Amino acid sequence: MQKATPFKLRQLALVLAASAALTGCASTNPRDPYEGFNRAVFKFNDAVDQAALKPAATVYKNVLPGFVQTGVGNFFGNLADVWTAANNLMQGKGEEGMSDVMRVAINSTFGLLGVLDIASEAGLKKHKEDFGQTLGAWGVPSGPYVMLPLLGPSTVRDTVGLPLDIAADPWVHNRNMRVRNVGTAVRVVDQRAALLDASTLLEDAALDRYEFIRDGFLQARENRVNDGEDQPRHNVWPLKSKPAAEDKPAESSPEAKPESKSEAAPAEGKPATAQADSEAAAPQAIMPPPAANTASL
């Protein structure tokens, strides 16, 4: 009997998410129209976590020395920097993309294949980008919230980009199946161990953990897609949109003259209130409306 690989499990998660889009239950939350399905998947994921993943992560955190856990996280983080660099470049962020390329080069050589994060010590900031964020930077709306089996919270846009994220992960191309599967398991446990304290606090504090996780994920995802900016980033490739400060109201022609003294410019020291209000509102009028934006393991 053929064993299920992590790649096949991810494919199954994508199929189930697609079925949710076709058979989703009604919800009062416009960002979560499939809440009934999502809550069922959330309960399934939570049961798997409580039965297997959380206990394994607890043992991992308590038994392995801290420097070993740090080395594991650095190694897989260095692999993730490869795809992060590609996404930054696709989003038109050349400086960040080249910084990520330098991170991979430094950590893969001087950092012993990424086990040591020399690049961060050298001042190269670590980024985290995926194709869902790239789609968001290109102006693709996030779509409804989706809870993926085994993979956790996501959105329709991020789910569409997930197959490319998986295919671009260097680790999945390891031809040694045993090493690849063991490494994938260690990677998942290491990521879960990093969230133990936060998950314990969530279990004790949140009245509705599903809503807390959903709202927190959507807000954090939107912040990451917009790079922490208040306004959404749209159509950044091939040319980034110009800042609103560069767009100025059209100036009146110098030849135009007021028809009467009442329409003339106000005297010095007495500003025209209507004109000041219209100029203050102009930048807001040209800003794009906020969009709902959204990752998983």
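Scroll up a little and you will see the structure.
Residues numbered from 1 in each chain as written. Predicted model: local features only at pLDDT ≥ 70, side-chain atom pairs only at ≥ 80, totals over all residues. Heavy atoms only, no water.

(A) Fine view of the packing of aromatic side chains. Going through the model one piece at a time under the given rule, you end up with seven aromatic pairs. A centroid spacing of 5.4 Å and a plane angle of 80 degrees characterise the contact between F76 and W171, whose relative ring orientation is edge-to-face. Of the two residues, F76 sits in helix α3 (residues 66-90) while W171 sits in the loop between α7 (156-167) and α8 (177-193), which places them 95 residues apart along the sequence. Since its relative accessible area comes to 12%, W171 is described here as buried. An aromatic cluster is present here, built from F42, Y145, Y210 and F217 joined pairwise through their rings. (Phe/Tyr/Trp six-rings, centres within 6.5 Å; stacked < 30°, edge-to-face > 60°. Helix = DSSP H or I, 4+ residues; strand = E, 2+ residues; numbered from the N terminus. Buried < 20%, exposed > 50% of the residue type's maximum accessible area, 1.4 Å probe, protein only.)

(B) Up close: the pairing of strand β2 (residues 152-155). Pairing of strand β1 (residues 145-148) with β2, which is carried by four bridges, proceeds in the antiparallel orientation. By the bridge assignment for β2, Y145 is matched with T155. Counting the residues that bridge the hairpin from β1 to β2 gives three residues, and of these L150 lies at a positive phi of roughly 70 degrees. (Pairing = 2+ DSSP bridges.)

(C) Fine view of α3. Look at α3: 36 Å from first C-alpha to last across 25 residues, which is about the 36 Å you get at 1.5 Å a residue. At V82, α3 shows its strongest bend, of approximately 25 degrees. G92 occupies a position one or two residues after α3 and carries a positive phi of about 85 degrees. (Expected span 1.5 Å × (residues − 1). Bend = angle between axes of the 7 residues up to and from the residue.)

(D) Examining unusual backbone geometry more closely. Residue L112 is not a glycine yet carries a positive backbone phi of 55 degrees. In this fold, L112 is placed in the loop between α4 (94-109) and α5 (118-121). Of note, L113 is a non-glycine position whose phi angle comes to about 60 degrees, a positive value. For L113, the position within the fold is in the loop between α4 and α5. Note on L113: relative accessible area 57%, which makes it exposed.

(E) Main features of the pattern of salt bridges. This structure, assessed with the given rule, holds 19 salt bridges. A salt bridge links R209 to D46, with the shortest nitrogen-to-oxygen separation between them at 3.0 Å. Of this pair, R209 sits in helix α10 (residues 209-225) while D46 sits in helix α2 (residues 35-63), placing them 163 residues apart in sequence. Note on R209: relative accessible area 22%, which makes it partly exposed. The residue D81 makes a salt bridge to K126 at a minimum N-O spacing of 2.7 Å. Note that D81 is positioned in helix α3 and K126 in the loop between α5 and α6 (131-137), a separation of 45 residues in sequence. When salt bridges that share partners are traced, they join D32, E35, R39, D208, E211, R214 and D215 into one network. (Salt bridge = Lys/Arg side-chain N within 4 Å of Asp/Glu carboxyl O.)

(F) The environment of A194, seen in detail. Here A194 is to be found in the loop between α8 and α9 (196-205). When its relative accessible area of 64% is taken as the criterion, A194 is described as exposed. Sequence spacing of A194 and T58 is 136 residues, and the spatial spacing of their C-alpha atoms is 9.8 Å.

(G) Structural detail: a nonpolar patch on the surface. A cluster of nonpolar side chains, F110, L112, V115, L116 and I118, forms an exposed patch at the surface whose accessible area comes to about 470 Å². Secondary-structure assignment places I118 in helix α5. (Patch = residues over 30% accessible without salt bridge, like charges linked within 9 Å, V, L, I, M, F, W, Y side chains within 5 Å. Areas by Shrake-Rupley, 256 points an atom, 1.4 Å probe, with all protein chains shown as cover.)

(H) Inspection of the nonpolar core at higher detail. If you look at the biggest cluster of nonpolar residues, it comprises nine residues: A57, Y60, V72, F76, L79, W171, V189, A193 and L196. Elements with a contribution of two residues or more to this core: α2, α3 and α8. Tallying contributions element by element places α3 first for this core, with three residues. When residues no more than four places from it in sequence are discounted, the contact partners of L196 are K54, A57, T58 and K61. Formed by eight residues, the second largest nonpolar core is a distinct cluster that contains V41, Y145, M147 and Y210. (Core = buried A, V, L, I, M, F, W, Y, C linked by side-chain atoms within 4.5 Å. Contact = heavy atoms within 4.5 Å.)

(I) Local environment of the packing of α3 against α8. The interhelical angle for the contact between α3 and α8, taken along N-to-C directions, is 110 degrees, at an axis separation of 10 Å. With respect to their mutual orientation, α3 and α8 come out roughly perpendicular. Considering the relative orientation of α3 and α8, their crossing is left-handed. Counting all contacts with α3, which are made through Q69, V72, G73 and F76, the residues of α8 involved are G183, V186, R187 and D190. Per-class residue counts for the contact of α3 with α8 are three nonpolar, three polar and two charged. (Axes fitted to C-alpha atoms, helices over the stretch in contact; angles between N-to-C directions. Parallel < 35°, antiparallel > 145°, perpendicular 65-115°, else oblique. Left-handed = near helix turned anticlockwise from the far one by under 90°. Nonpolar A, V, L, I, M, F, W, Y, C, P; charged D, E, K, R; others polar.)

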